Amino acid sequence: MKILVVGSGGREHALCWAIARSPLCDELFCAPGNAGIAEVATLVPIGSEDVAALVAFAKTRAIDFVVVGPEAPLVLGLVDRLEEAGIKAFGPHANAARLEGSKGFMKDILAKYQIPTAAYGRFTDAGAAKAFIRAKGAPIVVKTDGLAAGKGVVVATTVDEALAAVDTMMGDKVFGAAGDELVVEEFLAGEEASFFAIVDGTTALPLAAAQDHKRVGDGDTGPNTGGMGAYSPAPVVTPDIVAKVMERCILPTVRGMAAEGAPYRGVLFAGLMIDKGEPKLLEYNVRFGDPECQVLMARLTSDIVPLMLASAEGRLAGETVAWSNDPALVVVMAANGYPGPYQKGSVIGGLDKAAAVEGVQVLHAGTARDGQGRVVATGGRVLGVTARGATVAEAQARAYQAVDRIDWPGGFCRRDIGWRALDRS
Ligand code: AMP
Ligand code: GLY
């Protein structure tokens, strides 16, 4: 088959790495991709949100199957447009991608189908949102309804902070139209984990769980980021938690979305808060997590292509998914300054030496080749140094051994990825 992956981050490098090892994949393309992806796929210079150009490319090149990595093209209807052109695709249609595209829509679905989550209100009026915040008190969480590249959430510890968030999101329109509507919700305490299922409209198969490190600094300090590292499995997600999440969250959501006339297929990413053995759903994402995908693909021993095809064709019942028991861990290397302003174009050396460490795969998130063929940083999150090991400690040691072989003065990483899992072992 000719397969096209859409996106350019670490998640898409991980997907390309997994797809390229499938015997079903004859030719792999990635739009727009990055310097690491170029080693396993042919890069196509089309942005991941340029729906018309992606569909035209897929038609002209007779692509058999398109795998969409990020949420934005899903919300824009890329899968719908591809199917109209007769091209199969992995990922939800636009009406189901609303689970991530509108937090208000997602919360209403959770409420309607009685899925455990934080109590909430939806607001299009700043005064009403503020009255709700004053009535509920702090801590309280304020979120933009629409997509804000992971930045539209303020976990406020005081009422004043929450009121200020309403002004920034709705008044100053820092996130544009995403802030036309807000969700204000109850603060949930507990330990966070990411859980993934693959869905075909009616059947959902559990994949695996992972834990992400959202804060930029060691010890979970500093501002939130897209994710500075992850590991899988997540010790907090026990078999009992998996059973509860499937029964109380994933399956009712899949049935509910079908009943709403918006059947869900693709990867369903449940952001969980787990407190005293009871999971609650923080949010859904309609795609793999980044960097969680990197560790999932490092542990997956099944061929991913038949699973993705079965999701797209409604044939998941009876499919199975196999994983290595070895944990995997990814350390994200980011450009100095991230998640604030950062420089682009710094040269990265030592990648081959890093990749030579046993069990290590250096996945690229924001890289390109310069005129002299050198790998240079082009994004905030730049590399995902991914390692497998017999234990989390071994995976962590291998990942940092590889990190230390990378010669990149323009970048940094956290030195404590995996600490929660190590504390438990
Ligand atoms: P999100 O972008 O919705 O994943 O939210 C970003 C982060 O904010 C989450 O990963 C949580 O750490 C935190 N968060 C979101 N909602 C809540 C909540 N209701 N209670 C506590 N923390 C939350
Ligand atoms: N790592 C969290 C996310 O992909 O949203």
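Keep in mind it's a predicted model, so treat the numbers as computed, not measured.

About the criteria used
Here the residue index of a chain counts from 1 through its sequence in written order. Chains carry letters from A onward and ligands carry numbers from 1 onward, assigned in written order. Local features in a predicted model are, by the rule used here, given only for residues with pLDDT of at least 70; side-chain atom pairs are given and counted only at 80 or more, and totals for whole chains, interfaces and linings are based on all residues. For the side-chain quantities, the full set of heavy atoms in the structure was used; hydrogens and water were omitted. By definition, any uninterrupted DSSP run of H or I lasting at least four residues is a helix, any uninterrupted run of E lasting at least two residues is a strand, and each is numbered from the N terminus. Within these notes, the globule rule equals 2.2 Å times the number of residues to the 0.38 power, and the radius of gyration is based on C-alpha atoms. Each residue gets one of three labels from its accessible area relative to the maximum for its type: buried under 20%, exposed over 50%, partly exposed in between, using a 1.4 Å probe on protein chains only. Each accessible area is a Shrake-Rupley result for a 1.4 Å probe, and residues are judged covered by the shown protein chains and nothing else. Neither His nor the chain ends is counted toward charge; the positive residues are Lys and Arg and the negative residues Asp and Glu. Charged groups are reduced to one reference atom each: NZ for lysine, CZ for arginine, CG for aspartic acid, CD for glutamic acid. Residues enter a nonpolar core if they are buried and are Ala, Val, Leu, Ile, Met, Phe, Trp, Tyr or Cys, with the set joined through side-chain atoms within 4.5 Å. In what follows, residue pairs with any heavy atoms lying within 4.5 Å of each other are defined as contacts. We call a residue near a given molecule or strand whenever any one of its heavy atoms falls within 4 Å of it. Any pair of nitrogen or oxygen atoms within 3.5 Å is treated as a polar contact; in protein, a donor-acceptor pairing is required on top of that, and neighbouring residues in sequence qualify only through side-chain atoms on both sides. All amino acids are sorted into three groups, where Ala, Val, Leu, Ile, Met, Phe, Trp, Tyr, Cys and Pro are nonpolar, Asp, Glu, Lys and Arg are charged, and the leftover types, Gly among them, are polar. Expected helix span is given by 1.5 Å per residue-to-residue step, counting one fewer step than there are residues. By arc we mean the arc of the directions from the helix axis to the C-beta atoms, nothing more. Here, strands pair whenever DSSP counts at least two bridges between them. Every axis in this analysis is a line fitted to C-alpha atoms, fitted for helices over the stretch in contact. Angles between the N-to-C directions lie between 0 and 180 degrees. Two rings from Phe, Tyr or Trp (for Trp, the six-membered ring) form a pair when their centres sit within 6.5 Å of each other. Planes less than 30 degrees apart are called stacked, planes more than 60 degrees apart edge-to-face, and all others tilted. Angle categories: roughly parallel below 35 degrees, roughly antiparallel above 145, roughly perpendicular from 65 to 115, and oblique for all the rest. Crossings are sorted by hand: turned counterclockwise from the far helix by less than a right angle, the near helix makes the crossing left-handed, and turned clockwise it makes it right-handed. Any carboxyl oxygen of Asp or Glu within 4 Å of a side-chain nitrogen of Lys or Arg constitutes a salt bridge here.

S.K.: Got a minute to help me understand the overall build of the protein in this structure?
M.R.: Helices and strands together make up the secondary structure of the protein, namely 14 helices and 22 strands. Relative to the 2.2 N^0.38 estimate, which gives 22 Å for 425 residues, the radius of gyration of the protein is 21 Å and therefore close to what a compact globule would have. Sorting the 425 residues of the protein into buried and exposed places 57% on the buried side. Total accessible area on the protein is roughly 16300 Å²; 52% of this is exposed by carbon and sulfur atoms. Of the side-chain charges in the protein, 41 are positive and 49 negative, and the distance between the mean point of each set is 0 Å.

S.K.: Would you take a moment to explain the nonpolar core for this structure?
M.R.: A general tendency of soluble globular proteins is for nonpolar side chains to be buried together. Core analysis: the biggest nonpolar cluster contains 53 residues, and Val-66, Leu-99, Phe-195, Val-237, Ile-250 and Tyr-284 have the highest contact counts within it. Looking at this core element by element, the count peaks at seven residues for helix α9 (residues 239–259). Not counting residues within four places of it along the chain, the set of residues in contact with Ile-250 comprises Phe-195, Ala-197, Ala-204, Val-245, Leu-268, Ala-270 and Tyr-284. In this structure, Ala-208, Phe-269, Met-297 and Val-305 belong to the second largest nonpolar core, which totals 43 residues.

S.K.: Explain the site of ligand 1 here, please?
M.R.: Taken together, 14 residues sit near ligand 1, with Glu-185, Glu-186, Leu-188, Glu-192 and Glu-283 positioned nearest. Between Leu-188 and ligand 1, the recorded distance is 2.8 Å, taken from a backbone N or O atom to a nitrogen atom. Here ligand 1 has 470 Å² of accessible area as a free molecule, and 90% of this is covered by the chains. When contributions to the shell around ligand 1 are tallied by element, the ones reaching two or more residues are β7 (140–144), β8 (153–156), β9 (182–186) and β16 (278–285). Across the shell around ligand 1, the residue classes break down as seven nonpolar, no polar and seven charged.

S.K.: Whenever I open this one, helix α8 (residues 159–171) confuses me. Can you help?
M.R.: Residues spaced three or four apart along an α-helix point in a common direction, a consequence of the helix completing one turn every 3.6 residues. Helix length check: α8, at 13 residues, gives a terminal C-alpha distance of 17 Å against a target of 18 Å (1.5 Å per residue), a fit within 8%. Burial in α8 covers these residues: Ala-162, Leu-163, Ala-165, Val-166, Met-169 and Met-170. Buried residues of α8 fall within an arc of 155 degrees about the axis and therefore sit on the same side. Exposed side of α8, more than 90 degrees from the buried face: Asp-160 and Gly-171 are the residues found there. At its buried positions, α8 is contacted by β6 (120–123), α7 (126–136), β7, β8 and β9. Backbone geometry just downstream of α8 places Lys-173 in the positive-phi region, at approximately 55 degrees.

S.K.: Explain the sheet that holds β9 here, please?
M.R.: Strand pairing in a sheet relies on backbone hydrogen bonds, with the paired strands running either antiparallel or parallel. With antiparallel pairing, the four strands of this open sheet are ordered in space as β6-β9-β7-β8. In this open sheet, the two strands that pair with only one neighbour each are β6 and β8. Mean inter-strand twist for the sheet, computed between neighbouring axes without regard to direction, equals 15 degrees. In terms of strand pairing, β7 meets β9 through five bridges, oriented antiparallel.

S.K.: What exactly am I supposed to notice about the sheet that holds strand β5 (residues 88–90) here?
M.R.: The strand order across the open sheet formed by five strands is β3-β2-β1-β4-β5, and the pairing between neighbours is parallel. Unpaired on one side and paired on the other, β3 (42–43) and β5 mark the two borders of the sheet. Two elements, strand β2 (residues 27–32) and β3, share two bridges in a ladder whose sense is parallel. Residue pairing across strands places Cys-30 opposite Leu-43, the latter belonging to β3. Contacting β1 (2–7), β4 (65–68) and β5, helix α11 (residues 304–313) runs over the sheet at an angle of about 110 degrees to β5.

S.K.: I would appreciate a short explanation of the site of ligand 2 in the present structure.
M.R.: Around ligand 2 lies a shell formed by Asp-212, Gly-226, Phe-269, Asn-285, Arg-287, Gly-289, Asp-290, Pro-291 and Glu-292. Between Arg-287 and ligand 2, the recorded distance is 3.0 Å, taken from a side-chain N or O atom to an oxygen atom. Interatomic distance of 2.7 Å between a side-chain N/O atom of Glu-292 and a nitrogen atom of ligand 2. Protein burial of ligand 2: of its 200 Å² of free accessible surface, 86% is covered by the chains. Tallied by class, residues from the shell around ligand 2 come to two nonpolar, three polar and four charged.

S.K.: What am I meant to see in the packing of aromatic side chains here?
M.R.: The geometry of an aromatic ring pair is captured by the separation of the ring centres together with the interplanar angle, meaning the angle of the planes. For the structure on display, the rule yields five aromatic pairs. Residues Phe-29 and Phe-57 carry aromatic rings whose centres are separated by 5.6 Å and whose planes lie at 75 degrees to one another, so their mutual orientation is edge-to-face. Of this pair, Phe-29 sits in strand β2 while Phe-57 sits in helix α2 (residues 51–60), and the two are 28 residues apart along the sequence. Here Phe-57 falls in the buried class, since its relative accessible area comes to 12%. For the pair Phe-196 and Phe-269, a centre-to-centre distance of 4.6 Å together with 50 degrees between the ring planes defines the contact as tilted.

S.K.: What should I look at first to understand the packing of α7 against α8 in this one?
M.R.: Any two packed helices are characterised by how steeply their axes cross, that is the angle between the axes, and by the distance between the axes. With their axes 10 Å apart at the nearest point, α7 and α8 run at an angle of 165 degrees to one another. When the axis of α7 is compared with that of α8, the two are roughly antiparallel. By crossing handedness, the relation of α7 to α8 is classed as right-handed. Contacts between α7 and α8 involve Ala-126, Ala-129, Lys-130, Ile-133 and Arg-134 from the first element and Val-159, Ala-162, Leu-163, Val-166, Asp-167 and Met-170 from the second. Class assignment for the residues of the contact of α7 with α8 results in eight nonpolar, no polar and three charged.

S.K.: What should I look at first to understand the pattern of salt bridges in this one?
M.R.: A side chain with one charge may pair with a side chain of the opposite charge, provided their charged atoms come close. For the structure on display, the rule yields 28 salt bridges. Residues Lys-107 and Glu-185 are paired through a salt bridge, measuring 3.1 Å at the closest nitrogen-oxygen approach. You can see Lys-107 sitting in helix α6 (residues 103–112) and its partner Glu-185 sitting in strand β9, a full 78 residues away along the chain. On the basis of relative accessibility, which here comes to 1%, the residue Lys-107 falls in the buried class. Residue Glu-185 is classed as buried on the basis of its relative accessible area, which comes to 3%. One salt bridge connects Asp-180 with Lys-173, and the closest N-O pair in it is separated by 3.0 Å.

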